[in-house]
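Coordinate inspection notes
So you can see what is in the structure, the chains are spelled out below.
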Amino acid sequence: MRLRNITGSREVIAASAYVVHGEKECRRRWKEIFGNDSPIHIEIGMGKGKFLHTMARLHPEVNYVGIEKYSSVLLRAIQKMEEEELPNLKFIRMDAEEITEVFAPGEVERIYLNFSDPWPKDRHARRRLPSRQFLARYDVILKDGGELEFKTDNRQLFDFAVGELAPAGWKARAVTYDLHGDRALMEGNVMTEYEEKFSAQGNPINKYIIYREK
């Protein structure tokens, strides 16, 4: 069964207290939603939520928002929260193209992209989450000094992502084509489900940390 077709997932999401509803009314209200002034970190395309759930547990001083398009995938993240509730983690079901309608300019401190859909056909390049079109959206919501971290095992997608930086006006703070062989970047690294799977198969993990001077 495909995860995105699980019967009843939309109903579970609609009733879940872990999911922020009316997401387009959240701009400039995240401090109110979390009840504190902690910095906001988001993961776009969070999948089943393992990475973000672990990050939220390790860093209670940060508020995390997980964004996922597919209901049946988001359902898995909700189930993790039901097993271990964390007050600094919320979820939204939405399309990433609407990100600037949910977060106000400068409202986000860090963005995570992990093992994003490669959209391999050239005509779909603008749909790739590290594309220049999406980088323009991230630039709006990131605060001054904010960073974006991207990890993937897909070398073709990573090469594309690196090639998008200069045209989009972003700069790299760190780039590696073998994350698990980079002692500095591996410090504090939290693996996703895909990272565990692909690295166990011997696939090198690519990662960059980028920023935009404003």
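Our subject in this report is the structure included herewith. Because the structure is predicted, anything quoted here is derived from the model rather than measured.

**Side note on the overall build of the protein chain**
- The helix and strand inventory of the protein chain stands at nine helices and seven strands.
- Expected size for 214 residues packed as a compact globule is a radius of gyration near 17 Å; at 17 Å, the protein chain falls within 12% of this value.
- Counting only C-alpha atoms and orienting by the principal axes, one finds that the protein chain spans roughly 40 × 40 × 35 Å.
- Expressed as a percentage of the 214 residues in the protein chain, the buried residues total 49%.
- Residue pairs in contact within the protein chain that sit at least 24 positions apart in sequence constitute 78% of those at least 6 positions apart.
- Roughly 10900 Å² of accessible area belongs to the protein chain as shown, and the carbon and sulfur atoms make up 46% of that amount.
- Charged side chains in the protein chain number 34 positive and 34 negative. The centres of these two groups are separated by 4 Å.

**A few points about the nonpolar core**
- If you look at the biggest cluster of nonpolar residues, it comprises 36 residues, and the most contacted ones within it are Trp30, Ile42, Ile44, Phe103, Ile111, Tyr138 and Leu148.
- The element contributing the most residues to this core is helix H7 (residues 155-168), with six residues.
- The residues touching Tyr138, leaving out its near neighbours within four places in the chain, are Ile44, Ile111, Leu113, Leu129, Leu148 and Trp170.
- Grouped together as the second largest cluster of nonpolar side chains are 19 residues, Val19, Phe51, Val62 and Ala77 included.

**Topic: helix H4 (residues 71-83)**
- Look at H4: 19 Å from first C-alpha to last across 13 residues, which is about the 18 Å you get at 1.5 Å a residue.
- When H4 is considered as a whole, its buried residues turn out to be Ser71, Ser72, Val73, Leu74, Leu75, Ala77, Ile78 and Met81.
- Buried-residue contacts for H4 involve helix H1 (9-15), helix H3 (50-58), strand S2 (63-68) and strand S3 (89-93).

**Some remarks on the pattern of salt bridges**
- Across all of its chains, the model carries 13 salt bridges by this definition.
- For Glu147, the salt bridge identified is with Arg110, shortest N-O distance 2.7 Å. Placement of the pair is Glu147 in strand S5 (residues 142-152) and Arg110 in strand S4 (residues 108-114), with a sequence separation of 37 residues.
- You can call Glu147 buried: its relative accessible area is 11%.
- Lys151 is the salt-bridge partner of Glu195, the closest N and O atoms lying 2.6 Å from each other. Of this pair, Glu195 sits in helix H9 (residues 193-200) while Lys151 sits in strand S5, and the two are 44 residues apart along the sequence. With respect to burial, Glu195 and Lys151 carry one shared label: buried.
- The network of salt bridges with shared partners includes Arg110, Glu147, Glu149, Arg173 and Lys207.

**Re the pairing of S3**
- Extensive coverage of S3 is indicated by the burial of four of its five residues.
- Summarising the sheet, S2 and S3 pair through five bridges and their orientation is parallel. Bridging from a neighbouring strand, Gly66 pairs with Phe91 of S3.
- You can see the chain leave S2, run along H4 and come back into S3, and the turn it takes is right-handed.

Criteria and cut-off values
Residues numbered from 1 in each chain as written. Predicted model: local features only at pLDDT ≥ 70, side-chain atom pairs only at ≥ 80, totals over all residues. Heavy atoms only, no water. Helix = DSSP H or I, 4+ residues; strand = E, 2+ residues; numbered from the N terminus. Rg over C-alpha atoms; globule rule 2.2 N^0.38 Å. Buried < 20%, exposed > 50% of the residue type's maximum accessible area, 1.4 Å probe, protein only. Contact = heavy atoms within 4.5 Å. Areas by Shrake-Rupley, 256 points an atom, 1.4 Å probe, with all protein chains shown as cover. Lys, Arg positive; Asp, Glu negative; His and termini not counted. Charge placed at Lys NZ, Arg CZ, Asp CG, Glu CD. Core = buried A, V, L, I, M, F, W, Y, C linked by side-chain atoms within 4.5 Å. Expected span 1.5 Å × (residues − 1). Salt bridge = Lys/Arg side-chain N within 4 Å of Asp/Glu carboxyl O. Pairing = 2+ DSSP bridges. Right-handed = clockwise from strand over helix to strand, strands pointing away.

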